Amino acid sequence: MNKPQQVMPETIYALSSGALPAGVAVIRISGPRTSEVVTALCGILPLPRQAVLRSIRNRNGDVLDQGLVLYFAAPASFTGEDCAEFQVHGGRAVVNAILAELEVLPGLRHAEAGEFSRRAFQNGKLDLVEIEGLADLIAAETEMQRRLAQEHSSGNLSSVYDGWARRLTHARAMIEAELDFADEDDVPGSVADKIWSDMRLLKSEIDTHLEGSGVAEIIRDGLKVVIAGEPNAGKSSLLNHLARRDVAIVTDIAGTTRDILSVDLSLAGFRVQLFDTAGLRETEDKVEQEGIRRAHLTIDQADVVLLLADTPDGFVDLDESQRAKPVIRIGTKIDRSRHLWDKASADALISTDTGVGIDRLLELLARHLPDLSGRNALSLPTRKRHVSCLKQTLAAIEMSLGQSDRGLDIQAEYLRQAGDALGRITGRVDVEDLLGVIFSEFCIGK
């Protein structure tokens, strides 16, 4: 019987650096024809992992540009395949000319979105958590986002999950050894009893890990802060002042803001999403009514509410669920106010014209950011799929611990489910290494 012929993967190419024009542009190539492509365009194939300055030519020998050329032989490359990079001048004409030359070479095609990273995953160079971390690192806008993404892209979070997976595999191995090889001298009796304390400890560790998902969500997606209050309380002025630009229209006409406006700020290294909302009041205007409805929906989703008023008795009443959120009461326009404010009236008194009190406001807001003091690492679950898989892992471990009266085989099955759920986070669902653990630890069948 003839074996099915293995299809050679296509060689792909793409511009891997930022938008043009730029000082330098990086064009990446990956696949089995990489060495042929480099030789065709540069005349030689550089030694692996050594940068050389070469002229890059088209089929007619015309020089397209001169730049650094690097070649990475498989498997020591980002994708695990033969790879190359052309580091050329970042003009549109230069890059377009090189891409056009690559397009006509046989066996090449333009890469799809994320295809280099996908090949890295398929070839075992990166797992799913590392790939997601790499995407977050590219998109990071604040220091905390950078730190969190770096922790994930460097494999530190994956190491935590891999360690837990090994403990689950070891526990199953011990149970299987007791079930299947109890008559062997190398297998001590009741060996499974020794693993349940570790499973209870693992359950506690995953519980603690899941508690960090809220912190990770704030770091990655931002602290949602909603500015609320009556019309003309100074909400849009505060948004513009903190954004340092005119985001919202500011007038003396009540009800100017009809829709939700937002800006992103960086506060103490964290991302803060600031939302300006329509003034809260009774009105017959249908458009303003819709704006007020949206304002209440936005307040319902807020992490913190900045409640503004330009008089001590001007703070609107929030409903019960909204009052349960952290609310910072801000007195505004104090440079123009004739009203007497006391310390009990507001948490901070500000003027967006003079800047008075803004530092106090930011200090109060920063208190609602996660406290990361004493934390050297940010190995936290950042995505909903991470949290979902971890909850499935936790539930399966709890079921295993609670099934002691139903037999070790049932308990082992729940541990298998726990391992599969955990493996789905990184994309490493190990089902073949169980016997390897048993034989290596107990020398069964010697």
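Description of the structure in this document. Small disclaimer: the values here were computed from a predicted structure and weren't measured.

Side note on helix 14 (residues 408-426)
Compared with an ideal rise of 1.5 Å per residue, which puts 19 residues at 27 Å, helix 14 spans 28 Å between its outermost C-alpha atoms and is within 8% of the ideal. For helix 14, every residue scored as buried is listed here: Gln411, Ala412, Tyr414, Leu415, Ala418, Asp420, Ala421, Leu422, Gly423, Ile425 and Thr426. With its phi angle positive at about 90°, Gly427 sits one or two positions after the end of helix 14.

A word on unusual backbone geometry
With omega at -5°, the peptide bond leading from Leu20 into Pro21 counts as cis. Structurally, Pro21 can be placed in the loop between strand 1 (11-15) and strand 2 (22-30). Cis peptide bonds are those with omega within 30 degrees of zero, and the linkage from Ala74 to Pro75 qualifies with 0°. Looking at where Pro75 falls in the secondary structure, it is placed in the loop between strand 4 (63-72) and strand 5 (83-90). Phi angles above zero are rare outside glycine, and Arg49 is one such case at about 65°. Residue position: Arg49 is located in the loop between helix 1 (34-42) and strand 3 (52-57). By relative accessible area, Arg49 is classed as exposed at 55%.

Quick look at the pairing of strand 2
Pairing geometry for strand 1 and strand 2, over four bridges, is antiparallel. Following the sheet pairing, Tyr13 is matched in strand 2 by Ile29. Hairpin remark: strand 1 followed by strand 2, antiparallel, with six residues in the connecting loop. In this sheet, strand 5 lies alongside strand 2 in antiparallel orientation, the contact comprising eight bridges. Residue pairing across strands places Ala25 opposite Val88, the latter belonging to strand 5.

Topic: the environment of Leu340
Locating Leu340 in the fold gives a position in the loop between strand 11 (327-331) and strand 12 (348-349). The sequence separation of Leu340 and Pro312 amounts to 28 residues, and the corresponding C-alpha distance is 7.7 Å.

Digging into the sheet that holds strand 10 (residues 304-309)
Strand order in this open sheet of six strands is 8-9-7-10-11-12, and the pairing throughout is mixed. Only two strands of the sheet have a single partner each, and these edge strands are strand 8 (261-267) and strand 12.

Here we look at the side chain of Thr11
The residue Thr11 is located in strand 1 in this model. Look at Thr11 and you get buried, because its relative accessible area is 0%. Ignoring sequence-local partners within four residues, the contact set of Thr11 consists of Ile29, Ser30, Gly31, Pro32, Arg33, Thr34, Gly107, Leu108 and Arg109.

Remarks on the pattern of salt bridges
In the structure shown here, the tally under the stated rule is 26 salt bridges. Salt-bridge contacts for Arg33 lead to Glu36; the nearest nitrogen and oxygen are separated by 3.4 Å. What makes Glu36 partly exposed here is its relative accessible area of 47%. Arg167 is the partner of Glu205 in a salt bridge, and the nearest nitrogen-oxygen pair spans 2.8 Å. With Glu205 in helix 7 (residues 196-211) and Arg167 in helix 6 (residues 156-180), this residue pair connects regions lying 38 residues apart in the sequence. Residue Arg167 is classed as partly exposed on the basis of its relative accessible area, which comes to 21%. Residues joined by salt bridges that share partners form a network here, namely Glu132, Asp136, Arg220, Asp221, Arg383 and Arg385.

Regarding the side chain of Gln322
Inspection of the secondary structure assignment puts Gln322 in helix 11 (residues 320-323). Its relative accessible area of 0% is what places Gln322 among the buried residues. Here His296 takes part through its side chain, which lies 3.3 Å from a polar atom of the side chain of Gln322. Not counting chain neighbours up to four residues away, the residues in contact with Gln322 comprise His296, Ile299, Asp300 and Val327.

Some words on helix 8 (residues 213-221)
Listed in full, the buried residues belonging to helix 8 are Ala216, Ile218 and Ile219. Relative to the axis of helix 8, the buried residues are bounded by an arc of 160° and lie together on one face. Where helix 8 is buried, its residues touch helix 5 (143-153), strand 7 (223-229) and strand 9 (270-276). Gly222 sits one or two positions beyond helix 8 and adopts a positive phi of about 100°.

Rules used throughout
Residues numbered from 1 in each chain as written. Predicted model: local features only at pLDDT ≥ 70, side-chain atom pairs only at ≥ 80, totals over all residues. Heavy atoms only, no water. Helix = DSSP H or I, 4+ residues; strand = E, 2+ residues; numbered from the N terminus. Expected span 1.5 Å × (residues − 1). Buried < 20%, exposed > 50% of the residue type's maximum accessible area, 1.4 Å probe, protein only. Pairing = 2+ DSSP bridges. Contact = heavy atoms within 4.5 Å. Salt bridge = Lys/Arg side-chain N within 4 Å of Asp/Glu carboxyl O. Polar contact = N/O pair within 3.5 Å; in protein donor to acceptor, adjacent residues only side chain to side chain. Arc of directions from axis to C-beta.

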